[in-house]
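Okay, here's what each chain looks like letter by letter:
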Amino acid sequence: MLSPAVTRQLMAHAAGAGGDTRRRHARERVARLGDREREVAVAVGRGLANADIAAELYLSVATVKAHVSRILAKLDLDNRVQIALLAHDAGLMEETDTP
């Protein structure tokens, strides 16, 4: 698991090239997710642990784990860092940055 600060730096670095095409492709992939899965993906992108996501979204830890597993399967990803990068590329993190 990466700290939130390291995760943000990694995402900012990875997002540097091919912005428009990358964003369009990421949005197409994220569109496969349900609303709750999208909320969990954003929380993963923010670097939150399962317990923190559960508390924030009023879910059990087991439900969060199930959502993370479904996200990985639906989007053919291997780990949480890939979820975070995809959420960032799709612009989901920007939507949560505004107060």
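Before reading on, note that the structure itself is shown above.
Here the structure is a predicted model, which means the values were calculated and not measured.

A.B. asks: Tell me about unusual backbone geometry, and name the residues and values.
C.D. replies: The phi torsion at Tyr-58 lies on the positive side, around 60°, for a residue other than glycine. Inspection of the secondary structure puts Tyr-58 in the loop between helix 4 (50–57) and helix 5 (61–74). According to the relative accessible area criterion, Tyr-58 is exposed, its value standing at 75%. Residues other than glycine seldom take positive phi values, yet Asp-76 does so here, at roughly 55°. Along the chain, the position of Asp-76 falls in the loop between helix 5 and helix 6 (80–89).

A.B. asks: Tell me about the packing of helix 3 (residues 35–45) against helix 6, and please be specific about residues and values.
C.D. replies: Running from amino to carboxyl end, helix 3 crosses helix 6 at an angle of 105°, the nearest separation of the two axes being 8 Å. The angle between helix 3 and helix 6 falls in the class roughly perpendicular. Here helix 3 contributes Ala-41, Val-44 and Gly-45 to the contact with helix 6, which in turn contributes Arg-80, Ile-83, Ala-84 and Ala-87. Partitioning the contact of helix 3 with helix 6 into residue classes produces 5 nonpolar, 1 polar and 1 charged.

A.B. asks: Lay out the environment of Leu-72 with the relevant residues and their values.
C.D. replies: Position of Leu-72 among the secondary structure elements: in helix 5. For the pair Leu-72 and Ala-41, spaced 31 residues apart in sequence, the C-alpha separation works out to 9.8 Å.

A.B. asks: If you had to explain the packing of helix 3 against helix 5 to someone new, which residues and values would you point to?
C.D. replies: The N-to-C vectors of helix 3 and helix 5 enclose an angle of 95°; their axes lie 9 Å apart at closest approach. It follows that helix 3 is roughly perpendicular to helix 5 by the angle criterion. Judged by residue contacts, Arg-36, Glu-37, Val-40, Ala-41 and Val-44 of helix 3 engage His-67, Val-68, Arg-70, Ile-71 and Lys-74 from helix 5. Across the contact of helix 3 with helix 5, the residue classes break down as 5 nonpolar, 1 polar and 4 charged.

A.B. asks: With reference to specific residues and values, describe the side chain of Glu-37.
C.D. replies: Along the chain, Glu-37 turns up in helix 3. When near neighbours in sequence (up to four residues on either side) are disregarded, Glu-37 contacts Arg-32, His-67, Arg-70, Ile-71 and Lys-74.

Cut-off values and rules
- The residue numbering used here restarts from 1 in each chain and proceeds along that chain's sequence as written.
- In keeping with the model being predicted, local features are shown solely for residues with a pLDDT of at least 70 and side-chain atom pairs are shown and tallied solely at 80 or more, while totals for entire chains, interfaces and linings include all residues.
- The basis for the side-chain values is all heavy atoms of the structure; hydrogens and waters are excluded.
- Helix and strand definitions follow DSSP, with helices as H or I runs of at least four residues and strands as E runs of at least two, each counted in order from the N terminus.
- When a residue's accessible area, from a 1.4 Å probe over protein chains only, is under 20% of the maximum for its type it is buried; when over 50% it is exposed; and in between it is partly exposed.
- As a rule, the C-alpha atoms of each element are fitted with a line to give its axis, helices using only the stretch in contact, and angles between N-to-C directions run from 0 to 180 degrees.
- We call two directions roughly parallel when the angle between them is under 35 degrees, roughly antiparallel when it is over 145, roughly perpendicular when it lies between 65 and 115, and oblique otherwise.
- Throughout, a residue-residue contact means that at least one pair of heavy atoms, one from each residue, lies within 4.5 Å.
- Each residue gets one of three labels, nonpolar for Ala, Val, Leu, Ile, Met, Phe, Trp, Tyr, Cys and Pro, charged for Asp, Glu, Lys and Arg, and polar for the others, Gly among them.

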